[in-house]
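# Report on the structure
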Amino acid sequence: MTQQCIQCKARYPLTQVLYTCAACNDLLEIISDAPARNDFGGAGVWRYAPLLPADSRRAVTLGEGATGLHRCDRLAAELGLAALHVKNEGENPTGSFKDRGMTVGMTHARTLGVQSVACASTGNTSAALAAYAARAGLRAVVLIPGGKVALGKLAQAIVHNARIVQINGNFDDAMRLVHELSSSNAGVYLLNSINPFRLEGQKTAAFEICEALGDAPETLVLPLGNAGNISAYWKGFREFRAAGLIKRLPRMIGVQAAGAAPIAEFLRGQRTDCRMDDPNTIATAIRIGAPVSWKKALAAIRDSGGDAVTVTDDEILAAQRKLAATEGLFVEPSSAAPIAWLLREKPQIAGPVVAVATGNGLKDPDAVLSAKPVLLQSEATMDGLRRVLEL
Ligand code: AN7
């Protein structure tokens, strides 16, 4: 396997530390010239070791992957869908899909022999980086946008002992700074999803879905922020198809929050490029104005006949409650964005639809509690209890 530029196709060995192409500065991806091997074994991300650019015997792991693909028949009936499955990535060790990428990225970091790893983050990447760095015995540096990270995610970075820097700016400012820091300081290895080793780990979610369904779904819907995950899924589906393990490729639908929708707006001709200033949404995970992997995401959307779409914050919060109350799945606001789009559009799709729930709802309890839930009050007596329950 080698690293290859998606634009000029320049190639670099896996062990060369680069975050973008040295020749043209575009994004890198990991490619393999060898025929894909499918001698998979075990469960989780490392089941797919033959398709990963890292040594599974040296894996920095917390048991990531092998998350549930939950068939949601009641919700599907309301939506008029033949079959809806939710891939619940909140079941990962730190509660989000980032763990898939982090196990591979951190394993590579240890192979390289670096001392420190770093990321910019809206929260989940920092939680995963902090946990896996602790597991690997490496120092973690995380840059977060001041005041806009969900409480649970911040608690995770703190307890795993990361050095946390709140930037007086948004995620895009933090991303620019950490990229510059790691590019100019060889001791600090960048583990945002611009790092193609991260995406290699994340593509395994697509493999799991294909193995569970026996083929790719007809449509995959997932939240779209920095645009790494949609790129990783698309790469995974293409690799499984190239290996003859599935017959079709899914349509890829990325869902952005209306206030942070540079890619959806670009596709509708409302912007000249995939970036915007001052993104805003209650779904803080995807409060991103300048998605680093926009070019890979556009390729996934174009080549799959997909789209990037938007939902409002109110639609997101309603979808979060709907999924939790109808199917027992508590996901964070960003992860409810695909459900919000399905609820509003009720698209006619004959084959199976998979909605990716990227993060656990417990990470951001404020989002639920801010809706001023009604709690019944009772004296500590049976009479009092019967009265409030009206039984
Ligand atoms: C729950 O943690 O960008 O499109 O810094 O936490 O691959 O960026 C998180 C992103 C979706 C968007 N759902 O995925 C970060 C960060 C959840 C997320 C996304 C994120 P990408």
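Up top you'll find the structure we're talking about.
Residues numbered from 1 in each chain as written. Predicted model: local features only at pLDDT ≥ 70, side-chain atom pairs only at ≥ 80, totals over all residues. Heavy atoms only, no water.

## Quick notes on the packing of helix H8 (residues 228-242) against helix H10 (residues 294-304)
Where H8 meets H10, the closest approach of the two axes is 8 Å, and the angle between their N-to-C directions is 50°. It follows that H8 is oblique to H10 by the angle criterion. Regarding H8 and H10, the two cross each other, and that crossing is left-handed. Residues Ile230, Ser231 and Trp234 of H8 form the contact with H10, whose own contacting residues are Lys296, Ala297, Ala299, Ala300, Ile301, Asp303 and Ser304. Counted by class, the contact of H8 with H10 contains six nonpolar, two polar and two charged residues. (Axes fitted to C-alpha atoms, helices over the stretch in contact; angles between N-to-C directions. Helix = DSSP H or I, 4+ residues; strand = E, 2+ residues; numbered from the N terminus. Parallel < 35°, antiparallel > 145°, perpendicular 65-115°, else oblique. Left-handed = near helix turned anticlockwise from the far one by under 90°. Contact = heavy atoms within 4.5 Å. Nonpolar A, V, L, I, M, F, W, Y, C, P; charged D, E, K, R; others polar.)

## Side note on a nonpolar patch on the surface
Among the surface-exposed residues, Val374, Leu376, Met382, Leu385, Leu389 and Leu391 lie close enough to one another that they form a single nonpolar patch of about 660 Å² accessible area. Tracing the backbone shows valine 374 in the loop between helix H13 (365-369) and helix H14 (382-389). (Patch = residues over 30% accessible without salt bridge, like charges linked within 9 Å, V, L, I, M, F, W, Y side chains within 5 Å. Areas by Shrake-Rupley, 256 points an atom, 1.4 Å probe, with all protein chains shown as cover. Salt bridge = Lys/Arg side-chain N within 4 Å of Asp/Glu carboxyl O.)

## Quick notes on the nonpolar core
When a protein is soluble and globular, its nonpolar side chains tend to lie buried together. Counting residues in hydrophobic clusters, the biggest one holds 49 residues, and the most contacted among them are Trp46, Met106, Val117, Leu129, Leu138 and Tyr189. Within the residue set of this core, elements represented by two or more residues are helix H2 (98-112), strand E6 (116-120), helix H3 (124-136), strand E7 (139-145), helix H5 (171-184) and strand E9 (188-190). Residues contacting methionine 106, with those up to four places away along its chain left out, are Val60, Val117, Leu129, Tyr132, Ala133, Ala136, Leu138 and Leu191. In terms of nonpolar packing, the next biggest core, distinct from the first, is built from 31 residues, Tyr233, Ile246, Ala261 and Ala297 among them. (Core = buried A, V, L, I, M, F, W, Y, C linked by side-chain atoms within 4.5 Å. Buried < 20%, exposed > 50% of the residue type's maximum accessible area, 1.4 Å probe, protein only.)

## Quick notes on the packing of aromatic side chains
Counted under the stated rule, the structure contains seven aromatic pairs. With a centroid separation of 5.9 Å and an interplanar angle of 5°, the aromatic rings of phenylalanine 40 and phenylalanine 240 are classed as stacked. Within this pair, whereas phenylalanine 40 is found in the loop between strand E3 (28-31) and strand E4 (69-71), its partner phenylalanine 240 is found in helix H8, the two being separated by 200 residues in sequence. (Phe/Tyr/Trp six-rings, centres within 6.5 Å; stacked < 30°, edge-to-face > 60°.)

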